[in-house]
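Chain by chain, the residues run as shown.
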Amino acid sequence: MAEHYLPENLPTHIQHYIDGKFVDSVGGETFDVLDPVSNGNYATAAAGQKADIDLAVAAATKAFTDGPWPRMKPRERARVLNRIADAVEAQEGRLAELETFDSGLPITQARGQALRAAENFRFFADLIVAQFDDAMKVPGAQINYVNRKPIGVAGLITPWNTPFMLESWKLAPALASGCTVVLKPAEFTPLSASLWATIFEDAGLPHGVFNLVNGLGEAAGDALVKHPDVPLISFTGETTTGQTIFRNAATSLKGLSMELGGKSPCVVFADADLDAAIDSALFGVFSLNGERCTAGSRILVERSVYDEFCEKYAARARNIVVGDPHDPKTEVGALVHPEHYNKVMSYVEIGKSEGRLLAGGGRPEGLDTGNYVAPTVFADVKPDARIFQEEIFGPVVAITPFENDDEALALANGVKYGLAAYIWTQNLTRAHNFAQNVEAGMVWLNSHNVRDLRTPFGGVKASGLGHEGGFRSIDFYTDQQAVHITLGTVHTPKFGASAVN
Ligand code: NAD
């Protein structure tokens, strides 16, 4: 096997970044960080506790109440955001290398993540400058307007799949809105998050506006969610974690944005362009190692093309190049962590009694160490199977046949999740009717997931609450106060003004 790739100048210790300084935990706690190819500890990271979160929230609160950031004109904030985007782009190679090393994403797919992160900052820089609010006139009586203001300290809690890019989804709109932030990145992949600190500092973001606390969800994440001075939590992660956060945020009635798990259907009708559907359905579940929330991990195929689809799809899946994430030829890399690898492998075993195994089914040949799973395809999967119902979050797909539109819709909607849906048909009427009836926050017709940053992003049912994307993200991070101005005399009933006997 090829020699284990080590990026140059790899840190051996990862710190928090609070009030403009890299620091360790107050109590000195640390946790070990593994790389997914050797599963060796390559670094320790500061493990944030309540005391560290308290310091980060205090810095963010001070930057919000006394600092310039929330008071700056949108154009001034936009200039900083554009400089951040330039810096992210300039570091594309380094970012991709670190991300690939830490998360196991194939290098060609990690490169795209840096560019997408930069684009998020550019998008929200443009949006905040163009943003305006309504003024309303009641003739002769009132003029009313909306006074929009940043809410305060936003707690941002993110998962380990495409960590840097997903952090940018929250950082860009929160900062554009004038909020200050405390970011708690995922403990499996803390490496790339510390790059933000230098990028932000160089771009001129005032100290205290961005704070980073590493650590475990149950300690650092929990303290952030329960902190009384944090009015907002934007969370991306598992549905069960989202439920815990909901409960814990109830005491202080925080604003919550929840992007949760998925088990999205990819529905292929017989009239679809089958070759295009196969390309897309392969990419839709095997890109990013299958560790993507919007993966089309249940493929529903119309009976008359089912056998042909399964045969062609499985042949291609067997041919996918699995290997060292740093090798540009690699299409599927190593799963993020041994714990996650074991979870995915346990579903592969469950699948063997729930479906007909067409491809994969375990470790790929020749890769005896590292968290590698061969792209795995199960056909004839029944809708009550666990591999049909539960999010696996790895390179494993379930294929199920259907007879007609009604059955396809019932199968598509027959899970607790509702994040995305992909529909393949040439029939316009069917496409739109299906799109409107499928229980999914986002639908793509004849395509895999291609984002337009202006559109709502989010899921329904167990896949999330609230939608971000475009102006909706700005709405989440800002209050819209209604100010009413009286133009004339207001009719006021005169309480207590009757003659006193
Ligand atoms: P996770 O829920 O285990 O962890 C996510 C984050 O929450 C981590 O930073 C973790 O430390 C923190 N956390 C854990 N327990 C916490 C607690 N009690 N209080 C506060 N914070 C806590 O999720 P994961 O395994 O890192 O990510 C994979 C999941 O994320 C999948 O379910 C996937 O579908 C989902 N995801 C959703 C989207 C989306 O936009 N809907 C995008 C990417 C990933």
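Residues numbered from 1 in each chain as written. Predicted model: local features only at pLDDT ≥ 70, side-chain atom pairs only at ≥ 80, totals over all residues. Heavy atoms only, no water.

Looking at an unreviewed UniProt entry, one finds the chain named 5-carboxymethyl-2-hydroxymuconate semialdehyde dehydrogenase and attributed to Arthrobacter wenxiniae. Of the comments in the UniProt record for the chain, the one headed Sequence similarities (unreviewed entry) reads "Belongs to the aldehyde dehydrogenase family." (UniProt positions renumbered as here; feature names shortened; annotations may be inferred.)

UniProt annotation of "active site" (unreviewed entry) refers to Glu259 when read in the numbering used here. Structurally, Glu259 can be placed in strand β12 (residues 255-259). In contact with Glu259, other than residues within four places in its own chain, are Phe235, Thr236, Gly237, Phe457, Gly458, Gly459, Ser463 and Glu468. (Helix = DSSP H or I, 4+ residues; strand = E, 2+ residues; numbered from the N terminus. Contact = heavy atoms within 4.5 Å.)

Looking now at the layout of surface pockets. For the largest pocket, the calculated volume is near 990 Å³. Around the largest pocket, the lining comprises 38 residues; the ones closest to its centre are Trp160, Glu187, Glu218, Glu238 and Thr241. Those elements giving two or more residues to the lining of the largest pocket turn out to be β4 (30-34), α7 (217-226), β11 (232-236), α8 (239-249) and α11 (338-354). The biggest single contributor to the lining of the largest pocket is α7, with five residues. Classifying every residue of the lining of the largest pocket gives 16 nonpolar, twelve polar and ten charged. The two domains that each donate at least three residues to the lining of the largest pocket are domain 1 (13-259 + 470-483) and domain 2 (265-445). Roughly 260 Å³ of volume is contained in the second largest pocket. Taken together, Gln109, Asp279, Leu282, Phe283, Phe286, Ser287, Arg316, Asn319, Ile320, Glu331 and Val332 make up the full set of residues lining the second largest pocket. A total of four residues in the lining of the second largest pocket trace back to one element, the largest contributor, which is helix α9 (residues 274-286). When grouped by side-chain class, the residues that make up the lining of the second largest pocket number five nonpolar, three polar and three charged. (1 Å grid on protein atoms, 1.4 Å probe; cavity = no way out; pocket = protein on both sides within 12 Å on 5 of 7 lines; lining within 4 Å. Points joined across faces, edges and corners; volume = space filled by probe spheres on them. Nonpolar A, V, L, I, M, F, W, Y, C, P; charged D, E, K, R; others polar. Domains from an automatic or database assignment.)

Glancing now at the domain arrangement of the chain. As far as domains go, the chain holds domain 1 (13-259 + 470-483) and domain 2 (265-445). Summarising the inter-unit geometry, the C-alpha centres of domain 1 and domain 2 are found 31 Å apart. Counting from both sides, the interface comprises 23 residues of domain 1 and, opposite them, 28 residues of domain 2. In total, domain 1 and domain 2 occlude about 2000 Å² of area from one another, counting both sides; carbon and sulfur atoms represent 62% of this. For domain 1, the biggest contributors to the area lost against domain 2 are Val37, Trp160 and Phe188; these three give 26% of the whole. (Buried area = accessible area lost by both parts, 1.4 Å probe.)

Each full turn of the α-helix corresponds to 3.6 residues, which orients residues three or four apart in the same direction. Counting buried positions over the ten residues of helix α6 (residues 194-203) gives seven, a clear majority of the element. Of all the positions in α6, only Ser194, Leu195, Trp196, Ala197, Ile199, Phe200 and Ala203 are classed as buried. After α6 finishes, the residue Gly204 shows a positive phi value of roughly 95°. (Buried < 20%, exposed > 50% of the residue type's maximum accessible area, 1.4 Å probe, protein only.)

Turning our eyes to something else, we now look at the packing of aromatic side chains. Taken as a whole and judged by the stated rule, the model has 18 aromatic pairs. Residues Phe286 and Tyr313 carry aromatic rings whose centres are separated by 6.4 Å and whose planes lie at 35° to one another, so their mutual orientation is tilted. On the criterion of sequence distance, the pair formed by Phe286 in helix α9 and Tyr313 in helix α10 (residues 303-318) is long-range, its members being 27 residues apart. Considered together, Phe286 and Tyr313 belong to a single accessibility category, that of buried residues. Members of the aromatic cluster, each reached through a chain of ring pairs, are Tyr17, Phe22, Phe121, Phe164, Trp196, Phe200 and Phe210. Over the aromatic face of Trp69 sits the side chain of Arg77, whose NZ or CZ is 6.0 Å from the ring centroid. Seen from the ring of Tyr306, Arg303 lies directly overhead, with NZ or CZ sitting 6.0 Å from the centre. (Phe/Tyr/Trp six-rings, centres within 6.5 Å; stacked < 30°, edge-to-face > 60°. Lys NZ or Arg CZ within 6 Å of the ring centre and 35° of its normal.)

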